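Descriptive structure summary
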Amino acid sequence: MSSLNTVLSFKRDAALKEESTDSSLAGSQQRVRPGSGEFQQPVKPLAPVTLEIKNVEKSYQLSGERLQVLAGINLDIRAGEFISIVGASGCGKSTLLRLVAGLDGQYGGDIVYQGSRITGTDLDRGIVFQEHRLFPWLTVEANILLAFSATDVPKAERRARVQAQIKLVGLSGFEKAYPHQISGGMSQRVAIARALVLRPQLLLLDEPFAALDALTRLKLQQELQRLWEHEGLTTILVTHDVEEAVFLGDRVVVMESHPGRIKRIVPVDLPRPRVRSTLEFQRIKDDVLTDFV
Amino acid sequence: MSIGIRVALGINQADPKFRRRSRLRLAAFISPIAFLLLWAWVAKIELFSPQLLVSPLEVLQTFHELLDSGELWEHLSVSFSRLGIGFSIGASSGLLFGIVMALSKRVEGFFSPVFQALRQVPSIALIPIFILLFGIDEIFKIAIVTKAAFFTVALASYEATKGISRNYFEVSQAYKLPTYTLYTKIVIPAILPPVLTGLRIAFSRSWTILVAAELLAADSGLGHMMQMGREVFRIDIVMVGVVLTGLIGFGIDRLFKWGEANLIPWRTA
Amino acid sequence: MAYSVSIMSTHTLSKYSFLNSARGWLIPVGLLLVWEVMSRQSAENAYAFASIEQIYHGLVEILSTGELQQGIAASLQRAFLGLLIGGFLGFSIGAVMAQWRVADVLIGPLYHMLRQVPLMGLVPLFSLWLGNGDPSKLVVVCLSAFYPLVLATYESLHQVESKYKEVGDVLKLSRTKTFIKILLPAALPNIFTGISFALAFAWLATIGSEILFSAGAGLGNIMMNAQAASRMDILIILTALIGLLGFLMNYLINKVGQYLFRWRNLR
């Protein structure tokens with residue numbers, strides 16, 4: 001319950017901030033208030049908080065010295081929300097995502113997912129890495145099938161779900177291909193399919209498009225948005241691409257480094273599908289960019 | 001493949017020019033044929049005494065004689081059984097030991113120093129000690145082949161397992177792969193290519209050391225046949241042995257190469 | 001980034017490294033004890049398992065007669081002479097093959113054909129041709145250094161990226177100048193790797209040829225004499241010494257390589 005309050009209070013803070021920028025008449029700083037102006041959209045009822053990140057810190061021992069990577073991270077994420085985390089290299093955004101994934105159980109504070117503290121990985125939380133991390137000796141199909149290893153889903157259903165997932169990411173016909181036979185963008189789609197095939201509640205994306213060329217990246221961002229709307233799952237995207245963060249996120253969490261901490265959270269109240277060329281989109285993007293230049 | 005491994009295996013990765021054009025492919029035979037002709041000519045004019053050099057045709061004739069008398073088969077089968085037994089014991093135990101040592105910190109702590117120290121001793125330098133310990137019977141030859149295969153394969157599989165990308169283990173962690181799946185689907189395929197290369201190196205080392213051991217102390221085997229030829233000044237028998245050791249080494253190396261190409265349909269970028 | 005940091009942290013975590021090293025000593029010390037106990041069991045065992053005391057006396061013995069020092073000098077000399085001659089020939093032929101297509105087509109197949117014969121298999125042949133003495137051994141050692149260096153030189157020169165070669169074209173350098181100023185320096189680190197391999201092979205071939213050719217001086221010959229006299233103590237000393245010398249040579253040549261090619265960005 002307390003977490004819900006935090007969200008509400010945050011909402012209030014954001015609203016206050018918006019009002020202040022409104023009154024200062026700084027046009028470029030202006031953000032759209034929910035349900036105002038030409039971008040009309042239905043006000044969603046607030047979904048319950050599914051992930052609470054409370055006072056999280058993380059440090060490494062580096063040749064005897066303590067290196068603080070994350071400090072005082074507080075963030076509540078509601079079910080079905082799309083959160084983008086942007087920051088420069090080394091701000092700890094990937095570390096934070098790895099903690100949420102449960103790849104590293106050693107941290108201070110609490111990350112509570114659906115009521116229990118995260119200490120290890122879980123099939124309910126899917127992750128996609130910057131590199132596709134497909135196994136070169138398994139075909140596209142076998143790579144996705146591997147995700148079922150720890151489940152008791154029957155064989156026939158596994159195959160059917162893999163087929164459906166391959167179709168969903170638009171790779172029908174490539175089931176028997178080895179990773180070296182398909183392009184980087186296609187490999188990353190397979191990796192997304194592998195993460196989604198278990199129908200996780202939470203999808204974690206660690207700079208999934210950073211290694212792709214600009215055109216492929218645009219296409220995959222579109223597709224990711226489509227998939228997210230299709231599956232309706234909670235998603236955390238870590239990226240250093242501000243446009244990507246604004247394009248996909250309901251909220252953009254801006255992080256700064258030394259030690260890694262949250263600088264501010266920018267809500268993106270634009271209707272979907274979003275159009276990058278609109279003035280409002282550019283305003284929000286420029287606003288976030290002011291944190292980096 | 002690093003230049004070191006390529007040098008150890010004798011692999012040309014840079015495409016030799018004659019392979020690129022079919023017209024030049026025939027040219028690849030020029031020098032070996034010229035070599036044979038030169039050899040035949042030098043033998044014919046008896047530039048050296050016939051005790052030192054016989055013509056290729058005579059070598060072929062001796063080969064036929066040895067084959068017909070069944071003597072050659074006897075030597076070959078003895079050599080092959082020694083090689084087969086020693087290599088399979090050494091390679092399989094080396095494979096297991098290398099993987100276990102790479103995965104278990106405890107085993108590594110206990111065995112790594114001994115392993116690294118013993119590894120420095122070349123197999124050929126162990127021949128005298130092995131003769132003293134095991135006598136000059138079969139056990140000695142099998143033991144020396146086993147030793148050569150064991151250390152080479154153990155090192156290759158140890159380094160291959162240590163070299164498995166941490167990324168792979170993270171993905172396995174994320175999908176909570178059961179231990180059995182982790183080994184069959186991830187660890188074994190990941191180390192297969194370098195381990196096959198290791199087996200290939202181990203084989204050529206085993207073959208060389210066996211020939212050396214048979215030259216020194218044996219009453220049968222291809223090496224022994226050459227040694228006998230040397231003692232009775234039958235250069236033709238020696239040369240049959242030289243050509244055969246070369247051909248056998250080459251043939252089995254090709255077999256491993258074929259295995260590498262056909263067992264591994266994927267490519268690691 | 002975070003990944004590399006976490007790797008380092010496991011390094012600093014190893015405050016139990018003293019425990020690990022103690023573990024590492026456990027097996028050698030254990031083996032030594034077993035060996036020692038075995039040597040004291042019976043007269044028969046004392047012959048196969050030389051006691052530590054015997055080994056010490058053996059060491060004093062071959063040191064005082066000067067046999068060991070002579071053997072080390074002879075073997076090292078053979079290895080380095082072989083490396084020098086065989087290596088130089090190998091480098092030249094490899095370079096010629098990489099530079100001239102005709103040479104590549106003519107020499108390449110012959111080289112690969114002859115290389116198939118295991119070196120030790122050539123021993124009976126050389127023994128008939130050149131006798132059982134130093135010339136035969138030297139030829140075997142030369143060949144052992146020759147084969148890897150042909151390949152390493154040829155491969156390394158081929159591997160030089162074409163963008164470097166294009167610089168030579170742009171600067172209108174002659175063929176010789178391109179080779180000396182661009183190709184060779186770019187290929188040198190890899191060729192050096194080939195040299196370090198050639199050294200290891202030359203050392204192996206030295207010991208092997210000394211064991212197989214009976215006449216002359218060298219560590220391998222001392223070993224064969226010791227084996228004939230059933231002197232396990234001396235065999236153990238020499239085997240360990242051969243391993244140690246091989247390790248030291250490998251260590252030194254790697255250090256030299258690291259120093260010479262410190263400009264190269266490894267990884």
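Cut-offs and rules
Residues numbered from 1 in each chain as written. Chains lettered and ligands numbered in written order. Predicted model: local features only at pLDDT ≥ 70, side-chain atom pairs only at ≥ 80, totals over all residues. Heavy atoms only, no water. Helix = DSSP H or I, 4+ residues; strand = E, 2+ residues; numbered from the N terminus. Buried < 20%, exposed > 50% of the residue type's maximum accessible area, 1.4 Å probe, protein only. Contact = heavy atoms within 4.5 Å. Areas by Shrake-Rupley, 256 points an atom, 1.4 Å probe, with all protein chains shown as cover. Expected span 1.5 Å × (residues − 1). Bend = angle between axes of the 7 residues up to and from the residue. pLDDT = per-residue confidence, 0-100. Salt bridge = Lys/Arg side-chain N within 4 Å of Asp/Glu carboxyl O. Polar contact = N/O pair within 3.5 Å; in protein donor to acceptor, adjacent residues only side chain to side chain. Nonpolar A, V, L, I, M, F, W, Y, C, P; charged D, E, K, R; others polar. Pairing = 2+ DSSP bridges. Phe/Tyr/Trp six-rings, centres within 6.5 Å; stacked < 30°, edge-to-face > 60°. Axes fitted to C-alpha atoms, helices over the stretch in contact; angles between N-to-C directions. Patch = residues over 30% accessible without salt bridge, like charges linked within 9 Å, V, L, I, M, F, W, Y side chains within 5 Å. Parallel < 35°, antiparallel > 145°, perpendicular 65-115°, else oblique. Left-handed = near helix turned anticlockwise from the far one by under 90°.

Re the overall build of chain A
For chain A, the count of helices and strands is eight helices and 10 strands. A buried classification covers 52% of the 293 residues belonging to chain A. Of all intrachain contacts in chain A linking residues separated by at least 6 positions in sequence, the fraction that spans at least 24 positions is 69%. When the accessible area of chain A is evaluated, it comes to approximately 13,000 Å², of which 53% is carbon and sulfur surface.

Side note on helix α7 (residues 123–130) of chain C
Counting buried residues along α7(C), six of its eight residues qualify, which places the element largely inside the surrounding structure. Turning to α7(C), its buried residues number three or more, namely C:V123, C:P124, C:L125, C:F126, C:S127 and C:L128. Tucked inside the fold, the buried residues of α7(C) contact α11 (179–216), α12 (222–231) and α13 (235–263) of chain B together with α8 (134–159) and α10 (175–212) of chain C. Count one or two residues on from α7(C) and you reach C:G131, which has phi positive near 85°.

Quick word on helix α6 (residues 101–115) of chain C
Side chains of residues three or four places apart in an α-helix project in the same direction, reflecting 3.6 residues per turn. In a regular helix each residue adds 1.5 Å, so 15 residues correspond to 21 Å; α6(C) covers 20 Å between its end C-alpha atoms and thus fits that length. At C:I107, α6(C) shows its maximal kink, close to 30°; a proline, C:P109, follows between one and four residues later.

Let's talk about the confidence of the model for chain C
On average, residues of chain C carry a pLDDT of 83, and 88% of them reach 70 or more. At the low end of the mean pLDDT range in chain C sits helix α1 (residues 2–13) of chain C, at 33; at the high end sits helix α5 (residues 67–99) of chain C, at 93.

Here's the deal with the interface of chain C and chain B
By a widely used convention, the size of an interface equals the accessible area lost when the partners come together. The interface is formed by 65 residues belonging to chain C together with 61 residues belonging to chain B. Summed over the shared surface of chain C and chain B, the result is zero salt bridges. Counting every contact that joins chain C to chain B gives four residue pairs in polar contact (both at pLDDT 80 or more). Tallying contributions element by element places α6(C) first for the side of chain C that touches chain B, with 10 residues. Across the side of chain C that touches chain B, the residue classes tally to 41 nonpolar, 18 polar and six charged.

Digging into the sheet that holds strand β5 (residues 116–117) of chain A
Residue and element names in this part refer to chain A. As summarised here, the arrangement of the four strands in space is β2-β1-β4-β5, forming an open sheet in which the pairing is antiparallel. Since the sheet does not close on itself, it has two edges, and those belong to β2 (65–78) and β5, each with one partner. In terms of strand pairing, strand β1 (residues 49–62) meets β2 through 10 bridges, oriented antiparallel. Bridging across to β2, V49 finds its partner in R78.

Remarks on the packing of aromatic side chains
Where two aromatic rings form a pair, the distance of their centres and the angle of their planes describe that pair. All names here are of chain B. Here the structure, examined in full by the defined rule, presents 22 aromatic pairs over all chains. Ring plane angle 85° and centroid distance 5.9 Å describe the contact between F87 and F203, whose orientation is recorded as edge-to-face. One end of the pair, F87, is in helix α6 (residues 71–103); the other, F203, is in helix α11, with 116 residues separating them in the sequence. One exposure class covers both F87 and F203, and it is buried.

Structural notes on the sheet that holds strand β10 (residues 261–267) of chain A
Residues and elements named next belong to chain A. Here we have six strands laid out as an open sheet, ordered β6-β7-β8-β3-β9-β10, and mixed in their pairing. The strands lining the two open edges of the sheet, one partner per strand, are β6 (125–128) and β10. On average, adjacent strands in this sheet sit at an angle of 20° to one another, irrespective of strand direction. Pairing of strand β3 (residues 82–86) with strand β8 (residues 234–239), which is carried by five bridges, proceeds in the parallel orientation.

Topic: a nonpolar patch on the surface
On the surface, a cluster of nonpolar side chains totalling about 550 Å² of accessible area is made up of B:L38, B:W41, B:I45, B:L47 and B:F48. Within the secondary structure, B:L38 is located in helix α4 (residues 30–44).

Description of the confidence of the model for chain A
Chain-level statistics for chain A give a pLDDT mean of 83 and a share of 85% at 70 or above. pLDDT under 50 marks residues 1–42 of chain A. Its contacts with residues more than four places away, or in other chains, come to 38 contacts.

Remarks on unusual backbone geometry
Residue and element names in this part refer to chain A. The linkage connecting H258 with the following residue, P259, adopts the cis geometry, with an omega of -10°. Here P259 is to be found in the loop between β9 (251–256) and β10. The amide bond that connects R272 to the next residue, P273, takes the cis arrangement and shows omega of -5°. Structurally, P273 can be placed in the loop between β10 and α8 (279–289). One non-glycine residue, N55, adopts positive backbone phi at about 50°. Checked against the element boundaries, N55 lands in strand β1. Positive phi outside glycine occurs at R133, with the angle close to 55°. Along the chain, the position of R133 falls in the loop between β6 and α3 (140–145).

Describing the environment of C:F91
Locating C:F91 in the fold gives a position in helix α5. Non-local contacts of C:F91, meaning those with residues more than four positions away in its chain, are made with C:L149, C:T153, C:L184 and C:I191.

Observations regarding the packing of helix α5 (residues 184–196) of chain A against helix α6 (residues 214–231) of chain A
Residue and element names in this part refer to chain A. Packing of α5 against α6 brings their axes to within 11 Å, and their N-to-C directions diverge by 20°. When the interaxial angle is binned, α5 and α6 end up roughly parallel. The interaxial crossing formed by α5 with α6 has right-handed handedness. Note on element contacts: α6 touches α5 through T216, K219, L220, E223 and L227, opposite G185, Q188, R189, I192 and L196. A breakdown of the residues in the contact of α5 with α6 according to their chemical character gives four nonpolar, three polar and three charged.

A look at the pairing of strand β4 (residues 108–113) of chain A
Put simply, side chains in a regular strand alternate between the two faces of the sheet. Residues and elements named next belong to chain A. Note that β1 and β4 share five bridges and pair antiparallel. Note on β4: the bridge partner recorded for E52 is V112. Here two bridges tie β4 to β5, and the two strands are oriented antiparallel to one another. If you follow V112 over to β5, its bridge partner there is R117. As consecutive antiparallel partners, β4 and β5 are separated by two residues, and within that stretch Q114 has a phi angle of approximately 45°, a positive value.

Description of the pattern of salt bridges
Under the definition given, this model contains 35 salt bridges over all chains. Its salt-bridge partner being A:K263, residue A:D291 comes within 3.2 Å of it at the nearest N-O pair. Of this pair, A:D291 sits in the segment after α8 while A:K263 sits in strand β10, and the two are 28 residues apart along the sequence. The residue B:R200 makes a salt bridge to B:D253 at a minimum N-O spacing of 3.0 Å. Linking B:R200 in helix α11 with B:D253 in helix α13, this pair joins segments that are 53 residues apart in sequence. A relative accessible area of 4% means that B:R200 is categorised as buried. Taken together, the salt bridges that share partners define one network made up of A:R98, A:E131, A:R133 and B:E170.

Looking at the environment of C:L235
Summarising the element assignment, C:L235 is placed in helix α12 (residues 232–260). Among all residues touching C:L235, those that are not within four sequence positions of it are B:P128, B:I129, B:L132, C:M223, C:A226 and C:Q227.

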